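# Descriptive analysis of the structure
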Amino acid sequence: MRQLQSRSCQRWCMIIMHQEQRTSGLWLRTEMLLPKFCKSSFRPRILIDVTSIDMTTTVLGFKISMPIMLAPTAMQKMAHPEGEYATARAASAAGTIMTLSSWATSSVEEVASTGPGIRFFQLYVYKDRHVVAQLVRRAERAGFKAIALTVDTPRLGRREADIKNRFTLPPFLTLKNFEGLDLGKMDKANDSGLASYVAGQIDRSLSWKDVQWLQTITKLPILVKGVLTAEDARLAVQSGAAGIIVSNHGARQLDYVPSTIMALEEVVKAAQGRIPVFLDGGVRRGTDVFKALALGASGIFIGRPVVFSLAAEGEVGVRKVLQMLREEFELTMALSGCRSLKEITRNHIVADWDMPRPVPRL
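Nothing here was measured: the structure is a model prediction, and the numbers come from that model.

## Points about the pattern of salt bridges
Side chains bearing opposite charge may pair, as long as their charged atoms lie close to each other. If you walk through the whole model with that rule in mind, you get 14 salt bridges. As a salt-bridge pair, Glu-82 and Arg-89 come within 2.6 Å of each other at their nearest N and O atoms. Where salt bridges share partners, they join Glu-82, Arg-89, Glu-315 and Arg-319 into one cluster.

Rendered as structure tokens:
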């Protein structure tokens, strides 16, 4: 697979790996997620000078080359020997943000050692709050710029492929951030080793008070990851969150939740511009990025495309997928008559869930 070079082969790799998920309940969940991006159409504007297209943006005060960032995906050395090292270098080369998972197979210090780059750290809250505080401080010392707090996993969803395969980490890999705390290994189980690990370690009592508690132990801005409703968006603002990430955890937690693109606008309206709202999940094309921004997202995060391309070609693969999305997004902007991100508006798309509305006046 590492010999794949062409754009078509890169996409074919993604298709094959996606098709293999048919054997589990994840197939149904993912299929419910992706078509929702197709349920909106463009309303392009014409006769606009698009000689120059500016895709740069600022996220939490950090300037990046495009509103396409890398979501936290765990255990990347299962996809490629260089794992998070390769992903970090590719993100830095693309001038965008990488988010490192708590359950990475490379530590915060190791990822920081790959060189300069803007990086966020995704956090699961463990029952032992001393472990959490220590991890947050390590991320801060390693130069990470924000904490993405995952809030939708008090328990692990029913991941039938993991149960069928009795999933656990291979013996030659560990959850590097917890290696010195005797929490870096997963024991084998009769069903899912990951589910058993989560049940034993992750704090089910996590609440909005803990968002405020995190602010007492770090100066880093906190993004609340896993919001799907207006009610929780308002609570995130009230709790002092610096931003919201609309996410359904890759459609692997609770079945029949809305796709991220369908939940996005509700959350954006509830936030009322007080904090930025990002989308994580379901993006496969540059056109998807445009639709998310038109619905009010300040940027998007990609997960599966990164892991698939990492498995195919390592760092080169991740660079390719980021470049592909960048080129597709730039072309979509040009053909829609948008020269900068601020020119992308709700008037540029019409969605299936829209009520009939009058044509905007010039």
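## A look at the packing of helix α3 (residues 83-94) against helix α12 (residues 304-336)
Running from N to C, α3 and α12 cross one another at 20 degrees; their axes reach a closest spacing of 8 Å. On the basis of their axis angle, the class for α3 and α12 is roughly parallel. The element α3 and its partner α12 pack so that their crossing is left-handed. Within the contact between the two elements, α3 uses Gly-83, Ala-86, Thr-87, Arg-89, Ala-90, Ala-91, Ala-93 and Ala-94 and α12 uses Val-306, Leu-310, Gly-314, Glu-315, Val-318, Arg-319 and Leu-322. In terms of residue class, the contact of α3 with α12 is made up of nine nonpolar, three polar and three charged.

## Comments concerning the packing of aromatic side chains
Taken as a whole, this structure holds five aromatic pairs when the rule is applied. Considering the side-chain rings of Trp-103 and Tyr-124, the 4.0 Å spacing of their centres and the 20 degrees angle between planes classify their relative orientation as stacked. In this pair, Trp-103 is assigned in the loop between β5 (98-100) and α4 (108-112) and Tyr-124 in the loop between β6 (119-123) and α5 (129-141), connecting sequence segments 21 residues apart. Just as Trp-103 is buried, Tyr-124 falls in that class too. Relative to Phe-144, the ring of Phe-121 lies with its centre 6.2 Å away and its plane at 85 degrees, an arrangement referred to as edge-to-face. Of this pair, Phe-121 sits in strand β6 while Phe-144 sits in the loop between α5 and β7 (146-150), placing them 23 residues apart in sequence. Across the pair, Phe-144 and Phe-121 agree in class, each one buried. Its guanidinium or amino end placed over the ring of Trp-213, Arg-129 lies 5.2 Å from that ring's centre, counting from NZ or CZ. Between the NZ or CZ atom of Lys-291 and the centre of the ring of Phe-42, over which it lies, the distance is 5.4 Å.

Definitions and cut-offs
The residue numbers shown here count from 1 along each chain, following its written sequence. Local features are withheld for residues below a pLDDT of 70 in this predicted model, meaning they are given only at 70 or higher, and side-chain atom pairs are given and counted only at 80 or more; totals for whole chains, interfaces and linings count all residues. Hydrogen atoms and water are omitted, and side-chain values are computed over all heavy atoms in the structure. One speaks of a salt bridge when a side-chain nitrogen belonging to Lys or Arg is within 4 Å of a carboxyl oxygen belonging to Asp or Glu. Inter-axis angles, ranging from 0 to 180 degrees, are taken between N-to-C directions of lines fitted to C-alpha atoms, where helices are fitted over the stretch in contact. Numbering of helices and strands runs from the N terminus; a helix is a DSSP stretch of H or I covering at least four residues, while a strand is a stretch of E covering at least two. Any angle that is under 35 degrees is reported as roughly parallel, and any over 145 degrees as roughly antiparallel; angles of 65 to 115 degrees are reported as roughly perpendicular and all others as oblique. Crossings are assigned a handedness: left-handed for a near helix turned anticlockwise from the far helix by less than a right angle, right-handed for a clockwise turn. Every residue pair with non-hydrogen atoms within 4.5 Å of one another is taken to be in contact. Residues are grouped as follows: Ala, Val, Leu, Ile, Met, Phe, Trp, Tyr, Cys and Pro are nonpolar; Asp, Glu, Lys and Arg are charged; every other residue, Gly included, is polar. In this scheme Phe, Tyr and Trp rings, the latter by its six-membered ring, pair at centre separations within 6.5 Å, and the angle between planes marks the pair as stacked below 30 degrees, edge-to-face above 60, and tilted otherwise. Three exposure classes are used, based on accessible area relative to the maximum for each residue type with a 1.4 Å probe and protein chains only: buried under 20%, partly exposed in between, and exposed over 50%. Here, a charge over a ring means that NZ of Lys or CZ of Arg falls within 6 Å of the ring centre while also lying within 35 degrees of the ring normal.

That's the geometry; what it means functionally is another story.
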